[in-house]
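Chain and residue survey
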Amino acid sequence: METEKQSEVTEADLIPVYIMGKRYMVPPTLTIMKAMEYAGYKLVRGCGCRGGFCGACATAYRILGDPKLYFGLACQTVVQPNMYLAQIPFFPAQRATYDITKLEPTATTLFSIYPEVLRCLGCGACTKACPQEIDVRAYMAAGMKGDIATMADLSFDCIMCGLCAVRCPAEEAQYNIAILARRLYGRYLAPRSKHLEERLEEIEAGEFDVALAELKRLSREELVARYRARDIEPTEGPREEED
Amino acid sequence: MSGYPPEMQESIRLVEATRLRRLKETFPTMSLEEREQVLNAFHPDYIKEKMRAIRVGVSKGQRMPVELADIVEGRPHIGPDFDLSEPFAETDVLVIGGGGAGASAALLAQENGAKVILVTKLRFGDANTMMAQGGIQAADRPNDSPAIHYLDVMGGGHFTNVPELVEALVMDAPFVIKWLEDLGMMFDKEPDGTMVERHGGGTSRMRMHSARDYSGAEIMRTLRDEVRNREEDITVIEFSPAVELVLDDKGQIAGAVVMNLETGVYSYIKAKAVILATGGGGRLHYQGFPTTNHYGATADGVVMAYRVGAPLGYLESMQYHPTGAAFPEQIVGLLVTEKVRGLGAQPVNKYGEQFVYPLEPRDVEAAAFIRECKERGNGIITPTGQPGVWLDSPMIEIIQGPGTIKKNLPAMVRQFGRFGIDITQEPMLVYPTLHYQNGGVRLRADGSTEIPGLFIAGEVSGGVHGHNRLMGNSLLEITVFGRRSGRSAAAYAQQVKPGKPTLAHIEAWNRELEEAGVDTGVISPILLPDYTRRV
Ligand SMILES: Cc1cc2nc3c(=O)[nH]c(=O)nc-3n(C[C@H](O)[C@H](O)[C@H](O)COP(=O)(O)OP(=O)(O)OC[C@H]3O[C@@H](n4cnc5c(N)ncnc54)[C@H](O)[C@@H]3O)c2cc1C
Ligand code: SF4
Ligand code: SF4
Ligand code: FES
């Protein structure tokens, strides 16, 4: 099997990293994830998309001689000399069960499903840990005010990696609360699309049935001719000022 | 400070020098004949030595990349004598695969009265669906129609698509958007509710719906959250990939054998119907290409379905996405969403000149990039020897206004920003990357296959996109056919008369391999690629 591409390195270039406390020499250009593989780990936990989208590879690390604790995604963070790495591939978090069709998009809903949202201390430890650079404290603050739209907007880039929950002194599962806010927003608060509703009615009324039936019957040549003749909607130009 | 080395910065100066002039220039689109030519000469699918026909099974003779053929012709994890007498669990519908197709299927099967078990390889949502950025197509604007969408899909697929499947795709599309919205997905919208919709490669109308550049993630996490809300009827089992399907003595599906990835223990899950939704196979790295796909994309579903006799199709064409990151090394192969071109960024060569229309169908665009680098020598070569062309992202801010990139492409800004590249100021270097499995297990419009009780949905299937999928049609496919297969599987499970489970097909398979003298030395499905260093 092909391995992921890596540049050639000589022994002298290698740097030490510590995986679960054990020392390995790895090339300095690798991400933490690839460094673990270089060290011989075949990953099962702690590896999903390999591209910064799934949140499977949450990692905590320290660097020798530096008192700070750092957090990152193993697939997106490049190794540094003397990194002490620990994967956090799973972190238990409270998650409520609800029927989204039976809720109202209100503060009361949020507080009754996740009463702990009101326990947030505003300490900001979550924000510091977030590898997506989300201001987690700010979306939690919005949640405490019952401001669902703001909570939805600020938390949008969340990949549910769990690092904020790991750090929280108030034992919040911020990302589970945030997805409730986003779903409430998407279902109830976002403005509805008139053109979508109209199209659904048209399809249900069978308005496109004849056209589709005809297209399906066309020979390849006829289809090609139609395809060539189709007009292409111009791409958007610069936006209008008031937009 | 620029994250690019000095040699590359020199070329960037040329890109900057031509930018204002290029803003007003549109590179002409290729004729169908020109497209054929560039594909034949430069697309990886057309490299004969890298493809071969499979030698056993119902689709004997079907050509596919050699790496895939070796796995399809592999030997099973378990023997025919594996004990099926005490199933580990029993259910109406077993969904295999926790991506968007599997989640949609589980929801619809449950809504239609089935008890569901969903098994998946890694965590629920560790899937290609999670990684999709660009968006999902649906013809819902007044100047568009399902008929126009149909034409675009067929043209993109070189007119080889199965018409009934395309019809299902385009007609269900607006309903899927509504369904996702009702589940609470946050689409990009104007203040009055009008959907923000853009072009994608090969579209003749702007119908790409998005959720910033986390479109797939937003679909995936919404569906996953909903599945979790229905825990009374849907049981999710993670880190438990299926390794073999099970039939009964009447040739109907009877469940699957799964493996606990951590303990290595195999167990049988008995089911009246199975929905296979295992996604694609980018991690097989055909011809050594890097890939955009998630870690578990190893074409398992194709292997398993084929072994029980389900025909395959369209696997001779793989999709290489034109814009995989080519620099920095840490992210080579990762996707640069097509939306970047949709927003106006042009691909340009090392002299800062355009050489292809930005939004040709994917295969054509990718082949044109390869030609520009390999034949014309106009590519940029990185310090590790990786070729690439520029994608001039700063143009977007000039065309659409400052702040557009940050607002519409936050994932891209973050991805490159981690390596000191500010894509609002500097272009990105890109080169084709293995992206999508156009073909797979053949399906019917209701999600069924040739095997009674086996349903299929998503990237593992073949026929919807013909030989080339357009962007935005696969997030659409997984929801359309996920829903259809879920509904069909629940209905089937209610009326089927199950027979006695057996693994006789393994015996027959092994015999056929032996008689044909085929031994690829592989045990398949392979489940995960092996990236550990060989010492
Ligand atoms: C980076 C990227 C960007 C994309 N962008 C777009 C886009 O903008 N628009 C668009 O329409 N499409 C896009 N696509 C394509 C689209 O995302 C995928 O084709 C689609 O999401 C596939 O969905 P799926 O459910 O079929 O498979 P997946 O989402 O991959 O899910 C398959 C699941 O099955 C599991 N699995 C695999 N094997 C087994 C097994 N043996 N047993 C149990 N489980 C198993 C996997 O682990 C995974 O969880 C993109 C793809 C990628 C990779
Ligand atoms: S908000 Fe929390 S769960 Fe979401 S990405 Fe940030 S740290 Fe991870
Ligand atoms: S870490 Fe916890 S308590 Fe502190 S701000 Fe974040 S959510 Fe609130
Ligand atoms: S593996 Fe998915 S975010 Fe790192």
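Residues numbered from 1 in each chain as written. Chains lettered and ligands numbered in written order. Predicted model: local features only at pLDDT ≥ 70, side-chain atom pairs only at ≥ 80, totals over all residues. Heavy atoms only, no water.

1. A look at the overall build of chain B
Put simply, the test is: The helix count covers DSSP runs of H or I at least four residues long, the strand count covers runs of E at least two residues long, and both are numbered beginning at the N terminus. Any two residues having at least one pair of non-hydrogen atoms within 4.5 Å are treated as being in contact. The accessible surface values rely on the Shrake-Rupley method and a 1.4 Å probe; as for residues, cover is taken only from the protein chains in view. Working convention for charge: Lys and Arg count positive, Asp and Glu count negative, and His plus the chain ends are omitted. Think of each charge as sitting on NZ of Lys, CZ of Arg, CG of Asp or CD of Glu.
Secondary structure assignment for chain B yields 16 helices and 21 strands. Counting contacts in chain B only where the partners sit at least 6 residues apart, residues at least 24 apart contribute 74% of the total. Total accessible area computed for chain B in this model is approximately 16,200 Å², and 51% of it derives from carbon and sulfur atoms. Taking the average location of the 54 positive side-chain charges in chain B and that of its 67 negative ones, the two points are 2 Å from each other.

2. Considering the pairing of strand β10 (residues 253-259) of chain B
Residues and elements named next belong to chain B. Heads up, the rule is: Working definition: with a 1.4 Å probe on protein chains only, accessible area under 20% of the residue-type maximum means buried, over 50% means exposed, and in between means partly exposed. Being paired, for any two strands, means DSSP has found at least two bridges between them.
Burial within β10 is extensive, with seven of its seven residues counted as buried. Looking at chain direction, strand β9 (residues 242-248) and β10 are connected through five bridges and run antiparallel. Of the residues in β10, the one forming a bridge with Leu 245 is Ala 256. A loop of four residues connects β9 with β10, the two strands running antiparallel in sequence, and Gly 251 in this loop sits at a positive phi of about 80°. Alignment of β10 against strand β11 (residues 266-276), held across five bridges, turns out to be antiparallel. The partner of Gly 255 across the bridge, within β11, is Lys 270. Taking the residues between adjacent antiparallel strands as the criterion, β10 and β11 are bridged by six residues, where Gly 264 takes a positive phi near 80°.

3. Side note on the pattern of salt bridges
In plain terms, the rule: For this document, the term salt bridge refers to a Lys or Arg side-chain nitrogen within 4 Å of an Asp or Glu carboxyl oxygen.
Counted according to the given criterion, the structure contains 47 salt bridges over all chains. A salt bridge links Glu 73 of chain B to Arg 55 of chain B; the shortest N-O distance between them is 2.7 Å. Here Glu 73 of chain B, found in the loop between α3 (66-72) and β3 (89-96), pairs with Arg 55 of chain B, found in the loop between β1 (51-53) and β2 (63-65); they are 18 residues apart in sequence, far enough to count as distant. Exposure remark for Glu 73 of chain B: the relative accessible area of 1% places this residue in the buried category. What emerges from the salt-bridge pattern is a single network uniting Arg 95 and Arg 183 of chain A together with Glu 111, Asp 225, Glu 226 and Arg 230 of chain B.

4. Quick notes on the sheet that holds strand β6 (residues 197-198) of chain B
Residues and elements named next belong to chain B. One open sheet holds the three strands; their spatial order is β5-β7-β6, and the pairing between them is antiparallel. Since the sheet does not close on itself, it has two edges, and those belong to β5 (136-137) and β6, each with one partner. In terms of strand pairing, β5 meets strand β7 (residues 208-209) through two bridges, oriented antiparallel. Across the sheet, residue Gln 137 finds its bridge partner in β7, namely Met 208.

5. Details of the site of ligand 1
All names here are of chain B. Using the following cut-off: A molecule or strand has a residue near it when one of that residue's heavy atoms lies within 4 Å. We define a polar contact as two N or O atoms separated by no more than 3.5 Å, with the added condition that, inside protein, one atom must be a possible hydrogen donor and the other a possible acceptor, whereas residues neighbouring each other in sequence contribute only through side-chain atom pairs.
As a structural note, the neighbourhood of ligand 1 is formed by 40 residues, with Thr 129, Gly 135, Ala 242, Glu 459 and Leu 475 the closest of them. Within the contact set of ligand 1, an oxygen atom lies 2.9 Å away from a backbone nitrogen or oxygen of Asn 128. Taking Ser 474, its side chain carries an N or O atom lying 2.9 Å from a nitrogen atom of ligand 1. Protein contact buries 99% of the 990 Å² of open area that ligand 1 shows by itself. Only α4 (100-111), α5 (128-131), α9 (300-307), β17 (428-437) and α15 (473-495) provide two or more residues apiece to the shell around ligand 1.

6. A few points about the site of ligand 2
Put simply, the rule is: Residues are grouped as follows: Ala, Val, Leu, Ile, Met, Phe, Trp, Tyr, Cys and Pro are nonpolar; Asp, Glu, Lys and Arg are charged; every other residue, Gly included, is polar.
Close to ligand 2 lie Cys 130, Pro 131, Gln 132, Val 136, Tyr 139, Cys 158, Ile 159, Met 160, Cys 161, Gly 162, Cys 164 and Tyr 175 of chain A, which account for all nearby residues. By residue class, the composition of the shell around ligand 2 is 10 nonpolar, two polar and no charged.

7. Looking at the environment of Ala 305 of chain B
All names here are of chain B. Position of Ala 305 among the secondary structure elements: in helix α9. Separated by 156 residues in sequence, Ala 305 and His 149 have C-alpha atoms that sit 30 Å apart. When sequence neighbours within four positions are dropped, the list of residues in contact with Ala 305 reads Leu 245, Leu 276, Ala 310, Val 441 and Leu 454.

8. A few points about the confidence of the model for chain A
Note the following rule: What pLDDT conveys is the predictor's confidence in a given residue, as a value from 0 to 100.
Of the residues in chain A, 93% reach a pLDDT of 70 or more, and the chain-wide mean stands at 92. Within the model, pLDDT remains below 50 along residues 237-243 of chain A, and this stretch shows seven contacts once partners closer than five positions in the same chain are excluded.

9. Description of the confidence of the model for chain B
Residues at a pLDDT of 70 or more form 99% of chain B, whose mean pLDDT is 95. As a predicted assembly, this complex carries a pTM of 0.94 together with an ipTM value of 0.94.

10. Thoughts on the environment of Gly 420 of chain B
Mapping Gly 420 of chain B onto the fold places it in the loop between α14 (410-417) and β17. As a C-alpha pair, Gly 420 of chain B and Leu 122 of chain B span 298 residues in sequence and 31 Å in three-dimensional space.

11. Some details on the packing of helix α6 (residues 146-156) of chain B against helix α7 (residues 163-182) of chain B
All names here are of chain B. What counts, and what does not: Helix axes are fitted to C-alpha atoms over the stretch in contact, other axes to C-alpha atoms as well, and angles between N-to-C directions run from 0 to 180 degrees. Note that the term roughly parallel is reserved for angles under 35 degrees, roughly antiparallel for angles over 145, roughly perpendicular for angles of 65 to 115, and oblique for everything else. A crossing counts as left-handed when the near helix is turned anticlockwise from the far one by less than a right angle, and as right-handed when that turn is clockwise.
Contact geometry of α6 with α7 gives a least axis separation of 9 Å together with a crossing angle of 135°. Here α6 lies oblique to α7, going by the angle between them. As for the relative orientation of α6 and α7, their crossing is right-handed in sense. Taking contact as the criterion, the partners of Pro 146, His 149, Tyr 150, Val 153 and Met 154 in α6 are, on α7, Pro 163, Val 166, Glu 167, Leu 169, Val 170 and Met 171.

12. Looking at the domain arrangement of chain A
Rule in force here: As annotated, the domain borders come from an automatic or database domain assignment.
When its domains are assigned, chain A resolves into domain 1 (10-87), domain 2 (100-189) and domain 3 (194-223). Once you take the C-alpha centre of each, domain 2 of chain A and domain 3 of chain A turn out to be 42 Å apart.

13. A closer look at the interface of chain B and chain A
Test applied: Summed over both partners, the accessible area lost on bringing two parts together, with a 1.4 Å probe, is the buried area.
The partner chain A presents 84 residues to the 99 residues of chain B that form the contact. For the chain B and chain A pair, buried surface summed over both sides reaches about 8,700 Å², with 54% attributable to carbon and sulfur atoms. Between the two partners, chain B and chain A, sit 15 salt bridges. Residues Glu 197 of chain A and Lys 178 of chain B are paired through a salt bridge, measuring 3.9 Å at the closest nitrogen-oxygen approach. The interface formed by chain B and chain A contains 44 residue pairs in polar contact (both at pLDDT 80 or more). Elements with a contribution of two residues or more to the side of chain B that touches chain A: α2 (32-42), α5, α6, α7, β6, α8 (215-229), α12 (394-400) and α14 of chain B. No other element matches the 11 residues that α7 of chain B contributes to the side of chain B that touches chain A. Counted by class, the side of chain B that touches chain A contains 38 nonpolar, 26 polar and 35 charged residues.

14. A few points about the side chain of Ser 448 of chain B
Residue and element names in this part refer to chain B. Mapping Ser 448 onto the fold places it in the loop between β18 (440-442) and β19 (454-456). Relative accessible area serves as the criterion here: at 9%, Ser 448 is assigned to the buried category. For Ser 448, the side chain forms a polar contact with the side chain of Arg 444, separated by 2.9 Å. Apart from the residues within four sequence positions on either side, Ser 448 is in contact with Arg 442, Leu 443, Leu 454 and Phe 455.

15. Focus: the state of the cysteines
Going by this rule: In this description, the term disulfide denotes a pair of cysteine sulfurs within 2.5 Å.
Scanning all chains against the criterion turns up zero disulfides over all chains. In this model Cys 47 of chain A remains outside any disulfide bridge; the closest cysteine sulfur is found in Cys 57 of chain A, 7.4 Å from its own.

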